Amino acid sequence: MKLNYRIVIFALAIAFGVFFSIPSLLQTEEGKKVTLGLDLQGGLHMLLGVKTEEAVSSRMKSMAASVKHFAGRNDILIDGLAFNEKNVQFEVLDSDDILTIDEFLKDFEGINISKDSLVISISLTPAEILKTQKESVSQAIETIRNRLDQFGLSEPVVARQGDEKILVELAGIKTQEEEQRARELISRAAKLELMAVDEDRNARVYNMSEADAAEYGDIILNDVKNPSIKYLVHEIPVLDGGMLTDASMGFDENNRPLINFKLNAEGAEIFGDFTGRSVGKRLAVVLDGKVYSAPNINERIGGGSGQISGNYTVMEAKDLSIALRSGALLAPIYLMEKRSVGPSLGADSIKASLVALIGGFILVIIFMVFYYRLAGVIANIALIANLLILLAVMSLFGATLTLPGMAGIVLTVGMAVDANVIISERIRELIYEGKSMHKAIEEGYANAMRAILDANITTLIASVVLYAYGTGAIKGFAITMSIGILASMLTAILGTHGIYEMLENRIVKSKNNRLWFGIKG
Amino acid sequence: MEFFKYTRTFNFMGRSKGAMAFSIAILLASYVLLFTKGLNYGVDFAGGTVVQVKYDTVAPIDKMRDSFKGNDIFNGASISEFGSPEEVIIRMKTSSGNVTTDVGDITREALKGSGNFEIRRVDIVGPKVGNELKEKGIMSLVLAAIGILIYVAFRFEWRFAVASIVALVHDISIALGAITLVGLDVNLDVLAALLTILGYSLNDTIIVFDRIREGVIKGRSRDLADTINESVTRTLARTTLTSLTTFFVVFTLFMFGGEIIHAFAFTLLVGVVVGTYSSIFVASPILLWFGFSVKNYHNKLAQKEQRNTEKQRMRDQYDSGVV
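This one's a predicted model, so the numbers in the text were calculated from it and none came from an experiment.

S.K.: It is not clear to me how the overall build of chain B should be interpreted in this structure. Could you clarify?
M.R.: When its secondary structure is counted, chain B shows 10 helices and six strands. Along the three orthogonal principal directions, the C-alpha set of chain B runs to about 95 × 50 × 35 Å. Across the 323 residues of chain B, 46% fall into the buried class. Of all intrachain contacts in chain B linking residues separated by at least 6 positions in sequence, the fraction that spans at least 24 positions is 78%.

S.K.: Would you mind showing me how to read the overall build of chain A here?
M.R.: Of regular secondary structure, chain A possesses 15 helices and 19 strands. A compact globule built from 521 residues would reach a C-alpha radius of gyration of about 24 Å, whereas chain A, at 35 Å, exceeds it by more than 25%. When burial is assessed residue by residue, chain A has 46% of its 521 residues classed as buried. When contacts within chain A are restricted to residue pairs at least 6 apart in sequence, long-range pairs at least 24 apart make up 70% of them.

S.K.: I would appreciate a short explanation of the interface of chain B and chain A in the present structure.
M.R.: Often, the extent of an interface is quoted as the loss of accessible area on bringing the components together. Tallying the contact residues gives 63 residues for chain B and 67 residues for chain A. The element best represented in the side of chain B that touches chain A is helix α8 (residues 224-256) of chain B, accounting for 13 residues. Here the side of chain B that touches chain A is built from residues that sort into 31 nonpolar, 17 polar and 15 charged.

S.K.: Help me out: how do you make sense of the domain arrangement of chain A in this one?
M.R.: Residues and elements named next belong to chain A. Segmenting chain A into domains produces domain 1 (5-41 + 342-517), domain 2 (43-163 + 326-341) and domain 3 (191-322). Just the C-alpha atoms count here: the centres of domain 2 and domain 3 sit 20 Å apart. Every contact between the two is made by 13 residues of domain 2 and, on the other side, 10 residues of domain 3. Mapped onto the side of domain 2 that touches domain 3, the elements with two or more residues apiece are α3 (52-73), β3 (78-83) and α5 (126-151). For the side of domain 2 that touches domain 3, the leading source of residues is α3, giving six residues. Counted by class, the side of domain 2 that touches domain 3 contains six nonpolar, four polar and three charged residues.

S.K.: I would appreciate a short explanation of the confidence of the model for chain A in the present structure.
M.R.: Caution applies to low-pLDDT regions: their predicted coordinates should not be interpreted in detail. On average, chain A scores 86 in pLDDT, and the residues at 70 or more come to 99%. Model confidence for chain A, summarised as mean pLDDT per element, is weakest for helix α15 (residues 513-517) of chain A at 79 and strongest for helix α11 (residues 374-396) of chain A at 93.

S.K.: Whenever I open this one, the domain arrangement of chain B confuses me. Can you help?
M.R.: Taken domain by domain, chain B consists of domain 1 (13-40 + 130-292) and domain 2 (48-125). Its C-alpha centre places domain 1 of chain B at a distance of 38 Å from the equivalent point of domain 2 of chain B.

S.K.: Could you clarify how one ought to interpret α3(A) in this entry?
M.R.: It helps to recall that an α-helix has 3.6 residues per turn; residues three or four apart then point in one direction. Residues and elements named next belong to chain A. Taking 1.5 Å of rise per residue, the 22 residues of α3 would be expected to cover 32 Å, and the 32 Å separating its terminal C-alpha atoms lies within 8% of that figure. What α3 keeps buried is the set Thr52, Ala55, Val56, Ser58, Arg59, Met63, Ala64, Ala65 and Val67. Elements in contact with the buried residues of α3: β2 (43-50), β3, β4 (87-92), β6 (119-124) and α5.

S.K.: Just checking my understanding: could you explain the environment of A:Ile173 for this structure?
M.R.: Position of A:Ile173 relative to the elements: it lies in the loop between β8 (165-171) and α6 (176-187). For A:Ile173, the residues in contact, after removing those within four places along its chain, are A:Gly42, A:Gly43, A:Leu44, A:Glu178, A:Glu179 and A:Ala182.

S.K.: Help me out: how do you make sense of the packing of α8(B) against helix α9 (residues 262-289) of chain B in this one?
M.R.: Two packed helices can be described by the angle between their axes and the distance between those axes. Residue and element names in this part refer to chain B. In contact at an axis separation of 10 Å, α8 and α9 are set at 180° when each is read in the N-to-C sense. Compared by their axis directions, α8 and α9 come out roughly antiparallel. Where α8 abuts α9, its residues Leu224, Ala225, Ile228, Val232, Thr239, Ser243, Thr246, Phe247, Val250, Phe251, Leu253 and Phe254 lie against His262, Ala265, Phe266, Leu268, Leu269, Val272, Thr276, Ser279, Ile280, Ser284, Leu287 and Leu288. For the contact of α8 with α9, the per-class residue count stands at 17 nonpolar, seven polar and no charged.

S.K.: Could you clarify how one ought to interpret the pairing of strand β14 (residues 257-263) of chain A in this entry?
M.R.: The side chains of a regular strand alternate between both faces of the sheet. All names here are of chain A. What you see with β14 is a clean split: Pro257, Ile259, Phe261 and Leu263 sit on the buried side and Leu258, Asn260 and Lys262 on the side with no burial. Linkage of strand β13 (residues 244-251) to β14, two consecutive antiparallel strands, is achieved through a turn of five residues, within which asparagine 255 is found at a positive phi near 65°. Relative to strand β17 (residues 305-309), β14 runs antiparallel, the two sharing five bridges. Bridge pairing links isoleucine 259 to isoleucine 308 in β17.

S.K.: Please explain the confidence of the model for chain B as it appears in this structure.
M.R.: On average, residues of chain B score 86 in pLDDT, and 96% of them reach the 70 mark or higher. Reported for the predicted complex are a pTM of 0.80 and an ipTM of 0.82.

S.K.: Honestly, the nonpolar core in this entry has me stumped. Any pointers?
M.R.: Proteins that are soluble and globular tend to have nonpolar side chains buried together. Among the nonpolar cores identified, the biggest contains 232 residues, and A:Ala284, A:Val410, B:Ala175, B:Leu194 and B:Leu198 are the most heavily contacted of them. For B:Ala175, the residues in contact, after removing those within four places along its chain, are B:Leu194, B:Ile197, B:Thr267, B:Val270, B:Gly271 and B:Val274. Listed in part, the 11 residues of the second largest apolar core include A:Val67, A:Phe90, A:Ile120 and A:Ile236.

S.K.: What's the story with the sheet that holds strand β11 (residues 230-234) of chain A in this structure? I'm lost.
M.R.: Two strands in a sheet stick together by hydrogen bonds in their backbones, pointing the same way (parallel) or opposite ways (antiparallel). Residues and elements named next belong to chain A. Taken in spatial order, the six strands make up an open sheet running β11-β10-β16-β15-β9-β12, and their pairing is mixed. Only two strands of the sheet have a single neighbouring strand rather than two, namely β11 and β12 (239-240). In this sheet, β12 lies alongside strand β9 (residues 192-196) in antiparallel orientation, the contact comprising two bridges. Each bridged residue has a counterpart across the sheet, and for leucine 194 the counterpart in β12 is leucine 239.

S.K.: Honestly, the pairing of strand β3 (residues 78-82) of chain B in this entry has me stumped. Any pointers?
M.R.: Residue and element names in this part refer to chain B. Judged from the five bridges that link them, β3 and strand β4 (residues 84-92) form a sheet pairing that is antiparallel. Bridging from a neighbouring strand, phenylalanine 82 pairs with serine 84 of β4. Counting the residues in the hairpin turn of β3 and β4 gives one residue, including glycine 83, whose phi is positive at 85°.

S.K.: Please clarify how the packing of α3(A) against α5(A) should be interpreted in this entry.
M.R.: All names here are of chain A. One way to put it is that α3 packs onto α5 with a least axis distance of 8 Å and a crossing angle of 115°. In terms of their interaxial angle, α3 and α5 are classed as roughly perpendicular. Remark: the crossing between α3 and α5 carries right-handed chirality. Touching Thr52, Ala55, Val56 and Arg59 of α3 are Ile129, Thr132, Gln133, Ser136 and Val137, all from α5. For the contact of α3 with α5, the per-class residue count stands at four nonpolar, four polar and one charged.

S.K.: Explanation requested: the sheet that holds β4(A) in the structure shown.
M.R.: Residues and elements named next belong to chain A. Across the sheet, four strands lie side by side as β3-β4-β6-β5; this open sheet has antiparallel pairing. The strands lining the two open edges of the sheet, one partner per strand, are β3 and β5 (111-116). Strand-to-strand, the axes of this sheet are offset by a mean angle of 15°, without reference to chain direction. In the sheet, β5 pairs with β6 via six bridges, with the strands oriented antiparallel. Counted as the bridge partner of aspartate 116 is valine 119 from β6. The strands touched by α3 are β3, β4 and β6; relative to β3, the strand with the most contacts, the crossing angle is about 165°.

S.K.: What exactly am I supposed to notice about the environment of A:Leu40 here?
M.R.: Residues and elements named next belong to chain A. Looking at the secondary structure, you find leucine 40 in helix α2 (residues 38-41). In the structure, leucine 40 is positioned 358 residues away from glycine 398 in sequence and 15 Å away in space, judged by C-alpha atoms. Not counting residues within four places of it along the chain, the set of residues in contact with leucine 40 comprises Gly346, Ser349, Ile350, Leu401, Thr402 and Leu403.

S.K.: So what exactly am I meant to see when it comes to unusual backbone geometry here?
M.R.: Only a minority of non-glycine residues have a phi that is not negative, and only a minority of peptide bonds are not trans. All names here are of chain A. Backbone geometry places glutamine 27, a non-glycine residue, at a positive phi of 55°. By the element assignment, glutamine 27 lies in the loop between α1 (5-26) and β1 (35-36). We note that serine 117 has phi near 50°; this positive angle belongs to a residue other than glycine. Here serine 117 lies in the loop between β5 and β6.

S.K.: Is there a simple way to explain α9(B) in this structure?
M.R.: Residues and elements named next belong to chain B. Taking 1.5 Å per residue as the helical rise, α9 with its 28 residues ought to reach 40 Å, and the 38 Å between its terminal C-alpha atoms agrees with that figure. The largest bend along α9 measures about 50° and falls at serine 278. Of all 28 residues in α9, 23 are buried; the element is thus mostly enclosed.

Definitions and limits used
Residues numbered from 1 in each chain as written. Chains lettered and ligands numbered in written order. Predicted model: local features only at pLDDT ≥ 70, side-chain atom pairs only at ≥ 80, totals over all residues. Helix = DSSP H or I, 4+ residues; strand = E, 2+ residues; numbered from the N terminus. Buried ≥ 20, exposed ≤ 12 C-beta atoms within 10 Å, placed from the backbone. Contact = placed C-beta atoms within 7 Å. Rg over C-alpha atoms; globule rule 2.2 N^0.38 Å. Nonpolar A, V, L, I, M, F, W, Y, C, P; charged D, E, K, R; others polar. Domains from an automatic or database assignment. pLDDT = per-residue confidence, 0-100. Expected span 1.5 Å × (residues − 1). Axes fitted to C-alpha atoms, helices over the stretch in contact; angles between N-to-C directions. Parallel < 35°, antiparallel > 145°, perpendicular 65-115°, else oblique. Pairing = 2+ DSSP bridges. Core = buried A, V, L, I, M, F, W, Y, C linked by C-beta atoms within 7 Å. Left-handed = near helix turned anticlockwise from the far one by under 90°. Bend = angle between axes of the 7 residues up to and from the residue.

What follows is the structure, encoded as structure tokens:
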């Protein structure tokens, strides 16, 4: 027996493999472990799209609200204030006020102002539109992340994918109902608007069409509890949720859950001004386009706090306050792709793939020993080392093990022994040719090397392409295949060579080719 | 133990015509299937919704169908058993963009009252994502093939590269034909299996080619057919063994890997068999037909060698200060 550099490297590799795979194998408390993919541990994977164009039109809406508020505060008479997804338009009745308006509009960035005598039209510059769209995606990611952090699931993933897509991954969801609750929280616009009821015309609301309402600059909204109750409100809100600083769940005098909210200084001022001006009228609290309540304004309300009462359960009120607190979604999101796996299916998949892995492994091991005798044992040592290293590398890098990834490992078992088959066949051939044992081993490795390298590199090319173009769980397959191939170069080529070198004297002395390489003679 | 001893060389090339006829027949059958019956794209590529439901008892499929009646979302929905009589899979062409209430939720509501069940899996793929996945999938197959082509051309010779690609196309086509025949849903996992076949079949082909290259360089015979026969014979033990071990594991995956991995394992199973066959009976004969000439290759190698020695001589002269 003699030591050589190959066997030393191999021993180190095995030590590395054992050390770093222990946390995953034994599920110890400490140490880095392989993460199970959502298809194995159960969970929700979603790809969400963002309707960025609606972020632009909502900017026009808040622009219109600003103009209205400014004009009201400074006693500037304007007429025909209207907005659409492209611009905001209004007419200044007194030409003396144009200067004041100009001064006011100067503070806004990224807008184009065009004037036709006293009619002013405001639109966003193309760069600003792009910026708004981009921001709406970033803001949606931020908002969804905030909401999920408060939802109570461990380590939710929220990430941008491409330009306008958001990837959401939630592990540890137990039931479909819980999943739906999470989805509700994610997708809720949580757009709070305080809107003035058009008291002059509200009495006629049941006889009005949308178009009629639009003529007065109003819209018709339904009550949240009872959709047959309608309200006619001014389309441009008094203020919106952007000025909200806090929201929390509370209870009313009858112990029913409600939501308390607080406004920032600017919001409080607008709120105070408006309520002062509108005593005797009603203010509709509108959330996501539904009227939650429309209390009468009895006096000027300072301090900037309010309540949203509704007929909700404690759970709903809690989720709603989370949504309000983490801010509204500037643009609505929609579902592009969803993969949801229940925990029981995940457990079944783990069981099934483990059975396949162990079954395949045992078959290969028995076959190799049967066919190659001790050479087969050596190849099997390499195979076990290969699996340990594969697991260790995956644990170390925190790679995700998916169901296709498990299939990749099973396949690695079948293909990793290939290198040893090639080598052993070469050695057998050389023994037949009458070469000495030493020569047979050395030349066998030398001859086999080129073929093994070429074969492995081409498989690696396919795996890398799969990784680059694959999505989700399929990436897991590419990962285990690639690591498996690379590890097999170390174990099956270098490792077994080291073992032969170490045992060479014994092999030569024994003169038992049948025992060592499974051949007669 | 030994399967093959090199006491005689098998005349593979002599049988290549018959093998080729066999291959062409199967290829034709595959293409006819592909163009008449067509691939059955699953949700990943076609878009739509898949809901996997497990009941406590045998799944009441008729009752389920009844509860789907009258809702447009379930138009064209199919229900089929999945692995066991308790478990079924519902395939729908519809998908919805609504995050809060999606097709899965609607299905859950509709099935209420049909028994005690658990929804185990919901896959929803919107049309945009489906098309994207399809494009990406085709791109990945093409890119992998090109990458491999370049590598093999670089390591061997262009005829080797073309021959291995023909073998690949052969294998993938037959695998697709088999998928069509059985009517499997083509999803991302099948694509992954196809890419694995690509790698695996190539692996096999390259081991044989490597031997042919070696035989050509070292060989006494100037006849390519003889060289190929000898090389294929010499790698036959290895080819059989590796195919067997791989077949073992893929077969256990197919038998015990669970219903979800079934399509993947089936595709691989076909691929392993076809890939092994093609490296012997498709790739090698093509080399022969493309007019790969041993003589020219020798000359090329000799020229290369000459250039190298010339270079070396010049360098030596330069180093010793002659030039």
